[in-house]
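Secondary and tertiary structure notes
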Amino acid sequence: MNRSLVSPIQKSLLALAALLCAAPPVAAAPTLRADVEVDPTAYVFGGYSLHAGFVKERWRVDLGAFAMDVPGFYQSNAAFKQSFDGYDVKVQRFLLEDQAGPFLGVDAGVNRMRLRRTGTELSAMRTQLGAGVNGGYRFALTDRLYATAWLGVSYDFNARDVTLGGETFSVSRWTFFPAVHLGWRFE
């Protein structure tokens, strides 16, 4: 295995193990609950976002599907139009109380990045695998409706630059992704 891939994988697994070890022993089996979240920004920029959460006390597992056209002000190269879609899984731990306040987590996912050279029909698609960490804060809006502001930092294992029509789009291995999700808790 490529040595450069081992270190980020090991770090992600160690972070997950540390989160799991931080959980106190449970005397009685708590009830499994669910929630659903969307990221309104994805819809504004021509995409979608749907995340199903499975919740047990302070732990949450999130299974998500998403897509978005990356806005020009967020791109590094105006010679390209960029979009992506993908799937991910997050494991999050709320730090202070059950499903509220600050949280930390780890995540892994796959996404397809599409690049189109502006003014041409030239395009390329790359499938990227990534793993990272995330953290944020959940705000209660009502007893069931909430907003979650978070930031994710992930490492893309197979990111590569793309050249189309003599112009190169530089692809970073590191992605910083801020988001605000709106969610609904099922009781």
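Below you will find a few notes about this structure. The structure presented is a predicted model; accordingly, all values stated were derived computationally and were not measured.

The rules we used
- Residues numbered from 1 in each chain as written.
- Predicted model: local features only at pLDDT ≥ 70, side-chain atom pairs only at ≥ 80, totals over all residues.
- Heavy atoms only, no water.
- Pairing = 2+ DSSP bridges.
- Helix = DSSP H or I, 4+ residues; strand = E, 2+ residues; numbered from the N terminus.
- Axes fitted to C-alpha atoms, helices over the stretch in contact; angles between N-to-C directions.
- Buried < 20%, exposed > 50% of the residue type's maximum accessible area, 1.4 Å probe, protein only.
- Contact = heavy atoms within 4.5 Å.
- Phe/Tyr/Trp six-rings, centres within 6.5 Å; stacked < 30°, edge-to-face > 60°.
- Patch = residues over 30% accessible without salt bridge, like charges linked within 9 Å, V, L, I, M, F, W, Y side chains within 5 Å.
- Areas by Shrake-Rupley, 256 points an atom, 1.4 Å probe, with all protein chains shown as cover.
- Salt bridge = Lys/Arg side-chain N within 4 Å of Asp/Glu carboxyl O.

Regular strands place their side chains on alternate faces of the sheet. Pairing of strand β6 (residues 123–140) with strand β7 (residues 145–156) involves eleven bridges; the strand directions are antiparallel. Each residue of the ladder has a partner; that of Y137, found in β7, is A149. Remark: four residues form the turn of the hairpin made by β6 and β7, two consecutive strands paired antiparallel. Bridge analysis of β7 against strand β10 (residues 174–186) gives eleven bridges, and the strand direction is antiparallel. Each residue of the ladder has a partner; that of A149, found in β10, is V180.

Pairing in this closed barrel of eight strands is antiparallel, and the strands run β1-β2-β3-β4-β5-β6-β7-β10 around the ring. Direction aside, the axes of adjacent strands within the sheet are offset by 25 degrees on average. One ladder, built from 15 bridges, connects strand β4 (residues 80–94) with strand β5 (residues 101–117); its direction is antiparallel. Paired with G86 across the strands is N111, a residue of β5.

This part covers the environment of V61. Along the chain, V61 falls in strand β3 (residues 59–69). Classification of V61 as partly exposed rests on a relative accessible area of 33%. Those residues in contact with V61 that lie beyond four places of it in its chain are A52, G53, F54, V89, K90 and V91.

Under the criterion given, the structure shown has eight aromatic pairs. Between the aromatic rings of Y155 and W174, the centroid separation amounts to 5.0 Å while the plane-to-plane angle is 65 degrees, which identifies the pairing as edge-to-face. Placement of Y155 in strand β7 and of W174 in strand β10 is noted, with a sequence separation of 19 residues between them. Members of the aromatic cluster, connected to one another through ring pairs, are Y155, F157 and W174.

Our focus in this paragraph is a nonpolar patch on the surface. Residues Y137, F139, L141, L145, L182, W184 and F186 make up a contiguous nonpolar surface patch of about 650 Å² in total accessible area. Elements represented by at least two residues in the nonpolar patch include exactly β6 and β10. Looking at the nonpolar patch, the element that brings in the most residues is β10, giving three residues. On the basis of relative accessibility, which here comes to 36%, the residue W184 falls in the partly exposed class.

Counted according to the given criterion, the structure contains nine salt bridges. Taking the shortest distance from any N to any O, the salt bridge between E37 and R60 comes out at 3.3 Å. You can see E37 sitting in strand β1 (residues 33–38) and its partner R60 sitting in strand β3, a full 23 residues away along the chain. Looking at E37, the relative accessible area reads 4%, which means it is buried. One salt bridge in this structure joins D88 and K90, with 2.8 Å as the shortest N-O distance. For D88, a relative accessible area of 16% translates into the label buried.

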